[in-house]
2 protein chains.
Amino acid sequence: MKNPQATIRDLALKLNISISTVSRALRNAPDVNPETKKAVLELAKQLHYEPNRVAQSLRIKKTNTIGVVVPEIAMHFFSSVISGIQEYSAKHDYSIMICQSMESLRTEKSNIHMLVSNRVDGLLISLSSQTKNVEHLEHLIAKQIPIVLFDRITSDLDVSKVVVDDHNGAFKGVEHLIKTGCKRIAFIGGPDSLYVSDQRLRGYRDAIRNYNIAFDEELVIHCKDLHTDPTEATHKLLDLPQRPDAIFCMNDPVAILAMQVLKEKGIRIPDEISLVGFTNEPVSQFIEPSLTTIAQPAYQMGQTAAKLFIQQLDNKQEFKPITKVLPTELIIRNTTRKL
Amino acid sequence: MKNPQATIRDLALKLNISISTVSRALRNAPDVNPETKKAVLELAKQLHYEPNRVAQSLRIKKTNTIGVVVPEIAMHFFSSVISGIQEYSAKHDYSIMICQSMESLRTEKSNIHMLVSNRVDGLLISLSSQTKNVEHLEHLIAKQIPIVLFDRITSDLDVSKVVVDDHNGAFKGVEHLIKTGCKRIAFIGGPDSLYVSDQRLRGYRDAIRNYNIAFDEELVIHCKDLHTDPTEATHKLLDLPQRPDAIFCMNDPVAILAMQVLKEKGIRIPDEISLVGFTNEPVSQFIEPSLTTIAQPAYQMGQTAAKLFIQQLDNKQEFKPITKVLPTELIIRNTTRKL
DNA sequence: TTGAAAGCGCTAACAA
DNA sequence: TTGTTAGCGCTTTCAA
């Protein structure tokens, strides 16, 4: 019965040479006899030798593994980001370890512990909506563990970040509502602490101010739980003495919940109330009426985050955190009126 | 300047005890003085000690990491499966490393190499549509590396598997078409080698045979590329001298492509042609008309695969491969006629 | 209850 | 060009 996994020692023994020579041959070192190298590589192939990265990692103190933490893997936006991270990383010989915080700070912390214990070379994180305080990340930075934040970022940390232009995206969305004749535009978002929600709200405010529409506190609703609360939020808006004639939603799932309420109530979209979402999830082009929304380049965000991260590793000395802002795009569909 | 990461040696030095005692204390071994243990745990916390799993793994020859290979992370079905795997694994102290084959055998192989080099404790795999030959997996089995296949499985490997009841799901879908009055039902699927496509085709055939409808070769189309080919396939079906009055599609994305063609041609759904999909992706409930489809418990499939895998690791000796078949559910919506 | 020591598989000085 | 050796951080046997 043969060994489950051959080691360089097995190769060395069979070839009657030293393990360091085998090591050199495998790593394509310059100072090794071509014939020796050939023999080693041949035997390695024959025995289905696979280098033990665990041992390598321990020795060179680098795992070539990136830890990734997202709120929810199954959200289309995040799975697209992950896809981008994975593809870029694989190309550069990095593996990725993935965790989901499920929007819980507690789980986020335990994810990070697990990843640090696994000695990932650093972390790519999109914060949970519960995360207001980032002490747990400051510890990492003190330990010199590289971090890149994406999408759900915080200004409290001096690290590289990748975001889309949330402010401008929201601005464009609200501007489109105004240009198509809406005058009383509501906003449904998440908690203040959620970076993307806050930025989009700012974009909303700046857009209405820019077009001389008074800001009305009543028209802005923050949801704690974005999976459920927007339904109630929509009802609340409809019960207002002065109904809004448009709702700008912080993302597509929120917009879809709002749309369901409007449909139930028999309110015509976009004539009575217009609707704009954010993200451009696949659903939004197929729903009836199809959703006007702001597209975010999710896949590209993943690629960019991985790229920034690997660059940081390659330039440990002269590294300066940078923030990449990716462009958004207004996708006009049928939940907004024609110009 | 302090060490980026404390080791048990650091703890031992500071406490003036041996590293083996520290190790024991940290692992909650029975034979260690409670006071010593307390001191160790306190100092560990104070120094933000994180055990080095790389070193542990090398020593105990177990990484507590599961390798996962899926065709495409960003497909909703797979990201849901991954979510299930991740959650179950994390609960049992396993990390997961994720790769995507992008439906390429070559990439699938290189993914597997990477994961094996990282000495994952085993693999959870959903095969690429290109994978007809599974030699690369037989090598792993020879090396005693545990494998669990899910969804895209093969009968050529004697390992544990998790699938949904594709045959029965397809049967139910086609049966529903027949019961709602369809008589000439087409099938659009993937390559024969793709397990799920093949099973669903069998379900289709058995259903029409069961209801005494003759099988017509013309009505069955296999697509190489499921992202693009179904459009052409639909056109082909429409150009048939005798048009079908229903199309059973091997999954929802295919059904959506078919629907687009039907809409362009102004064909009424479901009156002229009915449509049934498979998977129940989120899109299918929102598209107009909403898609009748077969729901697959993706998240549960992930949980089950992870569970089977961990059970296998825990029972190495007396392990026997088993296949779990999860139930499907017919979701009746508006692309099929009323009963 | 504790410590000394070997060794997991690999890399990288250093020596030959 | 090759070999010897130490050691990455940990677990575990054996002895004290």
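Residues numbered from 1 in each chain as written. Chains lettered and ligands numbered in written order. Predicted model: local features only at pLDDT ≥ 70, side-chain atom pairs only at ≥ 80, totals over all residues. Heavy atoms only, no water.

### As for the protein's contact with DNA strand C
Applicable threshold: The criterion for a residue being near a molecule or strand is simple. One of its heavy atoms has to lie within 4 Å of it. Polar contact is the term for a pair of N or O atoms within 3.5 Å; when the atoms are in protein, one must be able to donate a hydrogen and the other to accept it, and sequence-neighboring residues count only if both atoms are side-chain atoms. The secondary structure listing takes helices from DSSP runs of H or I that are at least 4 residues long and strands from runs of E that are at least 2 residues long, numbered from the N terminus.
Not every one of the 26 residues close to DNA strand C is listed here, only the nearest: Ile 8, Ser 23, Tyr 49 and Arg 59 of chain A together with Lys 61 of chain B. Within 4 Å of the protein, the atoms of DNA strand C are drawn from sugar and phosphate moieties in a proportion of 62%. Asn 33 of chain B places a polar main-chain atom, nitrogen or oxygen, 2.9 Å from a phosphate oxygen of DNA strand C. In the model, a phosphate oxygen of DNA strand C is placed 2.8 Å from a nitrogen or oxygen of the Thr 36 of chain B side chain. For the surface near DNA strand C, the secondary-structure elements that each account for two or more residues are α2 (19-26) and α4 (53-60) of chain A together with α2 (19-26) and α4 (53-60) of chain B.

### Re the sheet that holds strand β8 (residues 246-249) of chain A
Strands belonging to one sheet form pairs held by backbone hydrogen bonds; the direction of such a pair is parallel or antiparallel. Residues and elements named next belong to chain A. To be explicit about the condition: Here a strand pair is declared whenever DSSP counts at least two bridges between the two strands. Lines fitted to the C-alpha atoms define the axes, with helices restricted to the stretch that makes contact. Angles between their N-to-C directions range from 0 to 180 degrees. Only heavy atoms enter the contact rule, under which two residues are in contact if any of them lie within 4.5 Å.
Pairing is parallel in the open sheet, where four strands are placed in the order β7-β6-β8-β9. Only two strands of the sheet have a single neighbouring strand rather than two, namely β7 (220-222) and β9 (274-276). Between one strand axis and the next, the sheet turns through 15 degrees on average, direction left out of account. As paired elements, strand β6 (residues 185-189) and β8 share four bridges and run parallel to each other. Residue pairing in the sheet places Phe 187 in a bridge with Phe 248 of β8. Across the sheet, helix α9 (residues 195-210) lies against β6 and β7, angled at about 170 degrees from β6, the strand it touches most. Along the sheet, helix α11 (residues 252-264) makes contact with β6, β8 and β9, crossing β9 at roughly 160 degrees.

### Details of empty space enclosed by the protein
To keep things clear, this is the line we draw: Computed over the protein atoms alone on a 1 Å grid, cavities are sets of points where a 1.4 Å probe fits but cannot get out and pockets are open sets with protein on both sides within 12 Å along at least five of seven lines; a residue lines them when it has an atom within 4 Å of a point. Grid points are joined across faces, edges and corners, and a volume is the space filled by probe spheres set on the points. Under this grouping Gly is polar, as are all residues other than the nonpolar Ala, Val, Leu, Ile, Met, Phe, Trp, Tyr, Cys and Pro and the charged Asp, Glu, Lys and Arg.
Across all of its chains, the model carries two cavities of 30 Å³ or more by this definition. Here the largest cavity defines a volume of roughly 170 Å³. Considering the residues around the largest cavity, the lining is formed by 15 residues, among which Val 54, Met 97 and Asn 118 of chain A together with Val 54 and Asn 118 of chain B are closest to the centre. Elements with a minimum of two residues in the lining of the largest cavity: α4 of chain A together with α4 of chain B. Looking at side-chain class alone, the lining of the largest cavity contains five nonpolar, eight polar and two charged residues. Approximately 40 Å³ is the volume attributed to the second largest cavity. Surrounding the second largest cavity, Leu 127, Ser 128, Ser 129, Thr 131, Arg 152, Ile 153, Ser 193, Leu 194 and Tyr 195 of chain B form its lining.

### Overview of the state of the cysteines
Which entries qualify depends on this criterion: The disulfide definition used here is simple: a pair of cysteine sulfur atoms within 2.5 Å.
Throughout the structure, instances matching the rule amount to zero disulfides over all chains. Cys 223 of chain B forms no disulfide, and the closest cysteine sulfur to it belongs to Cys 249 of chain B, at a distance of 9.1 Å.

### Things to note about the relation of the copies chain B and chain A
The condition that has to hold: When the copies are superposed, the least-squares fit takes in the C-alpha atoms of residues with a pLDDT of at least 70 in both.
Rotating chain B by 180 degrees and moving it 0.0 Å along the rotation axis overlays it on chain A with an RMSD of 0.0 Å. Here the copies are linked by what is in effect a two-fold axis.

### Describing the domain arrangement of chain A
For clarity, the threshold we go by: Note that the domain bounds reflect an automated or database-derived domain assignment.
Taken domain by domain, chain A holds domain 1 (8-51), domain 2 (64-164 + 298-326) and domain 3 (166-296). If you average the C-alpha positions of domain 1 of chain A and of domain 2 of chain A, the two centres end up 37 Å apart.

### As for the packing of helix α10 (residues 229-238) of chain A against α11 of chain A
All names here are of chain A. To keep it simple, the criterion reads: For this classification, under 35 degrees means roughly parallel, over 145 means roughly antiparallel, 65 to 115 means roughly perpendicular, and everything else is oblique. For a crossing to be left-handed, the near helix must be turned anticlockwise from the far one by less than a right angle; the clockwise case is right-handed.
For the pair α10 and α11, interaxial distance at closest approach is 8 Å and the crossing angle is 50 degrees. On the basis of the axis angle, α10 is oblique to α11. Here α10 and α11 pass one another in a crossing that is right-handed. Contacts between α10 and α11 pair Pro 230, Thr 231, Thr 234, His 235 and Leu 238 from the former with Val 254, Leu 257, Ala 258, Val 261 and Leu 262 from the latter.

### A word on the packing of aromatic side chains
Filter applied, for reference: Pairing of aromatic rings covers Phe, Tyr and Trp, the last counted by its six-membered ring, and requires centre-to-centre distances within 6.5 Å; plane angles under 30 degrees mean stacked, over 60 mean edge-to-face, and any other angle means tilted. With a 1.4 Å probe rolled over the protein chains alone, any residue whose accessible area is under 20% of its type maximum counts as buried; one over 50% counts as exposed, and the rest are partly exposed.
This model, assessed by the stated rule, comprises six aromatic pairs over all chains. Ring geometry for Phe 187 of chain A versus Tyr 204 of chain A: centroids 5.4 Å apart, planes at 45 degrees, classification tilted. Remark: Tyr 204 of chain A occurs in helix α9 and Phe 187 of chain A occurs in strand β6; sequence separation between them is 17 residues. Judged by its relative accessible area of 0%, Phe 187 of chain A falls in the buried class. Aromatic pair Phe 187 of chain B and Phe 248 of chain B: ring centres 6.1 Å apart, planes at 20 degrees, arrangement stacked. Here Phe 248 of chain B lies in strand β8 (residues 246-249) and Phe 187 of chain B lies in strand β6 (residues 185-189), a separation of 61 residues in the sequence. No difference in accessibility class separates Phe 187 of chain B from Phe 248 of chain B, as the two residues are buried. Counting every residue linked through ring pairs, the aromatic cluster contains Phe 187, Tyr 204 and Phe 248 of chain A.

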